[in-house]
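Structural features, examined
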Amino acid sequence: MFSKILIANRGEIAVRIIKTCRKMGIKTVQVYSEADAGSLAVEMADEAVLIGPAPAAQSYLLADRIVEAVRQTGAQAVHPGFGFLSENAGFARRLRDEGIAFIGPNPEAIEAMGDKISSKKLAAEAGVSTVPGHMGLIETPDEAVTIANEIGYPIMIKASAGGGGKGIRVAHSDADMAEGFAAVKAEALNAFGDDRVFLEKFIVDPRHIEIQVLGDKHGHVVHLFERECSIQRRNQKVIEEAPSPLLDEATRAAMGAQAVALAQAVNYDSAGTVEFVAGQDKSFYFLEMNTRLQVEHPVTELITGVDLVEQMIRSAWGETLAFEQKDLKIDGWAIESRIYAEDPYRGFLPSIGRLVRYEQPEEGEQNGYVVRNDSGVREGDEISMFYDPMIAKLCAWGETRADAVEGMARALEDTHLSGLGHNVPFLAAVMDQDRFKSGNLSTSYIKDEFPDGFHGLKPTVEQKRILIASALAMHEVIAEQDGDPSDRTDWIVMIDKTPHGVGLSYDEDEEMILTLTGGGDIRLSDIDWRPGLAQFKADLDGEAFTAEVKRVADGFDIRHRAARARVRVLRPHVAEMYARLPEKAVADTSKMVLSPMPGLVVSIPVVAGQEVKTGETVAIIEAMKMQNILKAERDGVVKAVGAKDGDPVAADDVLVEFG
């Protein structure tokens with residue numbers, strides 16, 4: 001077995017690989033850019049080598065630097081993780097030529113499957129169902145429009161070398177096709193160095209289901225069942241689960257058999273994923289094969305008990321698979337939520353900066369569920385603009401899907417981050433939705449359920465009880481600590497501007513009993529909070545909960561899952577005065593186009609005095625390697641332009657102002 005492996009990646013996947021290497025007794029070398037010098041992966045690895053400045057193109061994407069680090073440290077193999085050089089056939093071939101093991105598939109398999117056009121042809125030859133489309137290269141927008149009309153809208157525009165949700169657009173008309181084609185080519189060239197684009201029919205109301213395969217160098221290939229990845233935003237997976245609530249045993253077996261057939265057709269010899277688009281009727285079509293470890297691999301590990309990183313290492317060493325297809329079984333259900341540094345209240349835009357606070361849920365067996373949290377950052381680390389804004393992959397396993405969903409909701413409650421925007425409230429909202437709980441999923445789920453964006457959810461009756469109890473308990477703790485305890489037994493708890501009368505008493509065990517004016521008692525016990533803590537934990541009527549809390553001038557900001565409110569504990573006569581306070585006017589920004597995120601101005605194709613129609617592009621901002629096209633929301637005349645091509649901009653900077 002290898003004695004030392006170099007990890008050619010960063011963040012949570014680097015940490016994940018280090019953990020398995022430690023388990024196997026293998027030493028690790030972590031390469032890092034200047035931006036990652038103080039990272040968790042660098043701290044955990046046995047050795048670390050600086051390979052360049054922060055931009056990936058000057059560090060993690062330079063094969064020469066990786067090979068040099070291997071030679072410098074005496075590593076015998078390279079694990080590329082995902083992204084960066086993980087699906088670069090040239091890099092895998094270079095390592096082979098240099099006598100360095102590549103912990104991934106052979107370069108010929110990467111080459112065959114890495115090009116989305118040729119891979120579809122190979123899939124068809126291997127008997128795999130494929131989506132109708134145009135697999136030839138397309139050079140111009142006019143040519144793309146002509147082909148799209150032959151296939152029929154809607155059409156998916158995809159970069160041949162794409163991945164990670166980048167280089168994808170859906171066109172519903174000729175105008176969409178012309179603009180989207182140009183945007184995809186530009187994104188593909190910038191992100192992958194390859195601007196080739198192809199078209200395929202967009203399946204209406206589709207589901208995204210993928211099969212995990214695993215092969216060795218002796219011709220053996222198995223599948224480890226499926227993952228459903230239908231909850232996506234901008235073609236980027238957000239929530240994944242295994243198995244899929246859609247599939248029956250027959251469909252699962254058919255998809256698995258096709259995935260194995262494709263892998264065998266290209267002599268696949270590592271972990272890989274065959275992705276399918278599935279209809280609600282269980283029809284399915286090949287999308288692509290990812291010749292690497294997937295971000296969402298933990299859910300497969302949780303339901304099969306197989307360590308995929310370990311199997312990749314063993315395969316690269318030349319070992320035969322230690323199990324056959326008949327040995328693999330699905331045990332329970334697992335869900336993964338990708339926690340991103342992005343602001344769901346601002347259209348899920350990237351939110352870079354320092355992670356001021358990061359409290360993670362306890363891992364391992366909990367009360368009826370299991371928690372796993374793959375994270376590459378710690379409290380105090382910075383989320384850089386140079387890389388993917390992922391903070392963690394939070395996973396929950398349960399014996400049933402309902403157990404896993406509730407386990408995930410509780411694990412999200414126990415996660416606290418501050419210092420930047422994050423999507424935890426949104427993830428919690430999905431867990432609480434009846435549609436998600438029913439398993440009725442599609443890739444348009446987020447767009448369907450949150451058509452006007454995410455603004456949080458209104459508190460349910462149960463959540464109002466949590467808000468009331470948490471606020472009153474914290475109020476009592478603070479009063480006791482300040483040496484000013486009140487013997488008052490009647491209070492008004494204001495949730496935003498709605499009053500709730502509450503009677504307060506204690507039982508013989510000093511547990512709080514709250515009697516609501518509208519009827520019903522609340523028993524609050526096992527309170528775990530003191531001033532300064534960002535999480536309030538307690539049992540409400542015997543059920544554990546965690547709320548995110550912040551003390552403010554006249555009360556508390558409290559969030560429970562996706563419900564957030566300003567909560568005040570007031571004497572009755574003070575509550576009457578609060579009800580009469582005027583509302584603060586909101587600043588009018590309706591005539592301004594604001595930068596939705598920190599980034600660089602690619603283009604502002606309008607000038608002062610120009611008439612602009614609704615839907616016309618007024619600015620293009622690049623951030624996290626993605627081009628974001630900003631369009632006019634109404635007809636108007638440009639009064640002023642606040643930035644020029646190439647300018648760096650911050651969130652909320654004025655780009656264009658209308659008269």
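See above for the structure.
This report concerns the structure included in the present document. Just so it is clear, the model here is predicted, and its values are computed rather than measured. (Residues numbered from 1 in each chain as written. Predicted model: local features only at pLDDT ≥ 70, side-chain atom pairs only at ≥ 80, totals over all residues. Heavy atoms only, no water.)

With that out of the way, let us pick up helix α3 (residues 63-73). Within α3 the residues assigned to the buried category are I66, V67, A69, V70 and T73. All buried residues of α3 fall inside an arc of 155 degrees around its axis, so they share one side. Away from its buried face by more than 90 degrees, α3 exposes D64 and Q72. Residues of α3 that are buried in the fold lie against β1 (4-7), β2 (27-33), β3 (47-52), β4 (77-79) and α4 (89-97). With its phi angle positive at about 75 degrees, G74 sits one or two positions after the end of α3. (Buried < 20%, exposed > 50% of the residue type's maximum accessible area, 1.4 Å probe, protein only. Helix = DSSP H or I, 4+ residues; strand = E, 2+ residues; numbered from the N terminus. Arc of directions from axis to C-beta. Contact = heavy atoms within 4.5 Å.)

Below, the discussion takes up the sheet that holds β3. Sheets are built from strands that pair by backbone hydrogen bonding, the pairs being arranged parallel or antiparallel. Taken in spatial order, the five strands of this open sheet run β3-β2-β1-β4-β5, and their pairing is parallel. Whereas interior strands pair on both sides, the edge strands pair on one side only; in this sheet they are β3 and β5 (101-102). Sheet topology note: the β1/β2 ladder contains four bridges and is parallel. Paired with I7 across the two strands is Q30, which belongs to β2. (Pairing = 2+ DSSP bridges.)

Where charged atoms from two side chains of opposite charge approach closely, those side chains can pair. Overall, the coordinates contain 59 salt bridges when judged by the stated rule. Residues R196 and D194 are paired through a salt bridge, measuring 2.9 Å at the closest nitrogen-oxygen approach. The shortest N-O distance in the salt bridge between R314 and E310 comes to 2.9 Å. On the criterion of helical spacing, the pair formed by R314 and E310 is a turn pair, its members being four residues apart in helix α11 (residues 308-317). Judged by relative accessible area, E310 falls into the buried class, the value being 15%. Connected through shared salt-bridge partners, R16, K23, E301, D307, E310, R314, E319, R372 and D374 make up one network. (Salt bridge = Lys/Arg side-chain N within 4 Å of Asp/Glu carboxyl O.)

As a further point, take unusual backbone geometry. Peptide bonds are, in most cases, trans, and in most cases residues other than glycine have a negative phi. A cis amide bond, omega 0 degrees, links Y153 with the succeeding residue P154. The omega angle of the peptide bond from A242 to P243 is -5 degrees, so this bond is cis rather than trans. Unusually for a residue other than glycine, D526 sits at a positive phi of about 50 degrees. Relative to the helices and strands, D526 resides in strand β28 (residues 521-528). You will see that D541, though not glycine, has its phi angle at about 50 degrees, which is positive. Checked against the element boundaries, D541 lands in the loop between β29 (535-540) and β30 (543-552).

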